[in-house]
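Single-letter residue listing:
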Amino acid sequence: ISMKSKETLKSLISGLFSLSFQPENLQKTWLREFYQTVQTHKPHFLAVHCQEVGGKNYEASMSHVDCFVKELLSSDAMKEYSRARVYLDENYKSQEHFTALGSFYFIHESLKNIHQFDFKAKKFKKVVGKETYSDTLESTPSLEKEKFPQDYFPECKWSRKGFIRTRWALADCAFDLVNIHLFHDASNLVAWEKSPSVYSGTRQKALGYVLDRITDQRFERLPYFVFGDFNFRLDSKQVIETFCSTATMQTVRAADTNEVDKLIFRESDNDRKVVLQLEKKLFSYVNQDVFRENNGTSLLEYDKELSVFKDRLHELEISFPPSYPYSEDSSQGKQYMNTRCPAWCDRILLSASARDLVLKPENEEKSVVYDNIGPNVCMGDHKPVFLSFRITAGAGKPNANKHKCCVVQ
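Residues numbered from 1 in each chain as written. Predicted model: local features only at pLDDT ≥ 70, side-chain atom pairs only at ≥ 80, totals over all residues. Heavy atoms only, no water.

In the annotation of an unreviewed UniProt entry, the chain is listed under the name inositol-polyphosphate 5-phosphatase and assigned to Sparus aurata. For the chain, the Sequence similarities (unreviewed entry) comment in UniProt is given as "Belongs to the inositol 1,4,5-trisphosphate 5-phosphatase type I family." (UniProt positions renumbered as here; feature names shortened; annotations may be inferred.)

Novice: Explain the packing of aromatic side chains to me, please; I cannot follow it from the model alone.
Specialist: What characterises a pair of aromatic rings is the spacing of the ring centres plus the angle enclosed by the ring planes. Per the stated rule, a full pass over the model turns up 27 aromatic pairs. An angle of 90° between the planes, with centres 5.8 Å apart, marks the rings of Trp-192 and Phe-265 as edge-to-face. On the criterion of sequence distance, the pair formed by Trp-192 in the loop between α3 (188-191) and α4 (198-214) and Phe-265 in strand β13 (residues 260-267) is long-range, its members being 73 residues apart. As far as the burial class goes, Trp-192 and Phe-265 line up, both buried. Members of the aromatic cluster, each reached through a chain of ring pairs, are Phe-45, Tyr-87, Tyr-105, Tyr-133, Trp-168, Phe-175, Phe-225 and Phe-389. Looking at Lys-237, its charged tip hangs above the ring of Trp-192, at a distance of 4.9 Å from the centre. (Phe/Tyr/Trp six-rings, centres within 6.5 Å; stacked < 30°, edge-to-face > 60°. Helix = DSSP H or I, 4+ residues; strand = E, 2+ residues; numbered from the N terminus. Buried < 20%, exposed > 50% of the residue type's maximum accessible area, 1.4 Å probe, protein only. Lys NZ or Arg CZ within 6 Å of the ring centre and 35° of its normal.)

Novice: Whenever I open this one, the nonpolar core confuses me. Can you help?
Specialist: What tends to happen in soluble globular proteins is that the nonpolar side chains get buried as a cluster. Phe-45, Trp-168, Leu-177, Phe-225, Phe-243, Phe-283 and Phe-291 are the most contacted members of the largest nonpolar core, which has 59 residues in total. Here this core gets four residues from one element, more than from any other, and that element is strand β18 (residues 385-392). Counting residues in hydrophobic clusters, the runner-up holds 28 residues, among them Trp-30, Phe-34, Phe-98 and Met-379. (Core = buried A, V, L, I, M, F, W, Y, C linked by side-chain atoms within 4.5 Å.)

Structural data, given as structure tokens:
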């Protein structure tokens, strides 16, 4: 967010995912698309949230991450951002704490007065220079980090899921930014057994935990933005029943255990053509176009995981296709992998008070954009999602706490 003129603050809040970039060309493409988005929207305060920093193979990939950070901080495209804060949870040897989250914040030179909250001292401090923090973020006072308790997702031996929260103040606005990574669907076969799925229940519990933590009594309550990989999925049971309404189902069981290995849905006539094949990590549907036509919006009715939080979390209208799982073949920028049912995993969600800050003044056209980055090129298996908006100076005034948020103590 930043001073565009005396009247408006401009901001780009962006969720960008999975910093593992094995192929050299993927990082180049990713950065090119990212820089282009920054160039188009020219944010004065830029927040980037990443999950799975280092990818699945941390030890081998952390050096890629460090190169990526150096490139971002020193690149020509970002030279007008005179201050930066980078938080990387790279401490993969600490099973108890490791979340693999990365939060990047860039502040444009034109933004004169920005402060960040120190959670230990309980006061705002002026942001100067560029600083990177990694390893033990637990002891970094400018953020709160938590990993979800082990019993939240017992199926996973070592779950990296959790959240990082930072708090900012500029002009007369103060707000929280929360980087989040919720639990995935471990098996398509389990996900389709009931509606809503067992996994959706786990995500609901974890998200509720985060919202309770960031609005508890320890600190003043402020508008908050929660963005990252929520792993929200479409309601598998309902989607499959819709896709295969006239199909017959064949169950294939494992010879040794008799457990269901695969489900095959075939048309009743039409030469018994296969409509859908489902395995633990296979979701092969005959017509991928349904996820791309009109940005897949006909499937939004099956995107239900936020409905439980409708009083606490708000979202702008989705007008981009499901953000996951894209092919990682660099020649197939629009193709989905046949591993999962495509879904809007990557989201930017707002508290009611944050939504009031964001919603555009009547006279300003296109001041709010909620979209994806790199729609036509390979950005990895998750397509990054961003939100760009302006805040009118004084927008935070009605809240009594705002007048004191920027006093340097």
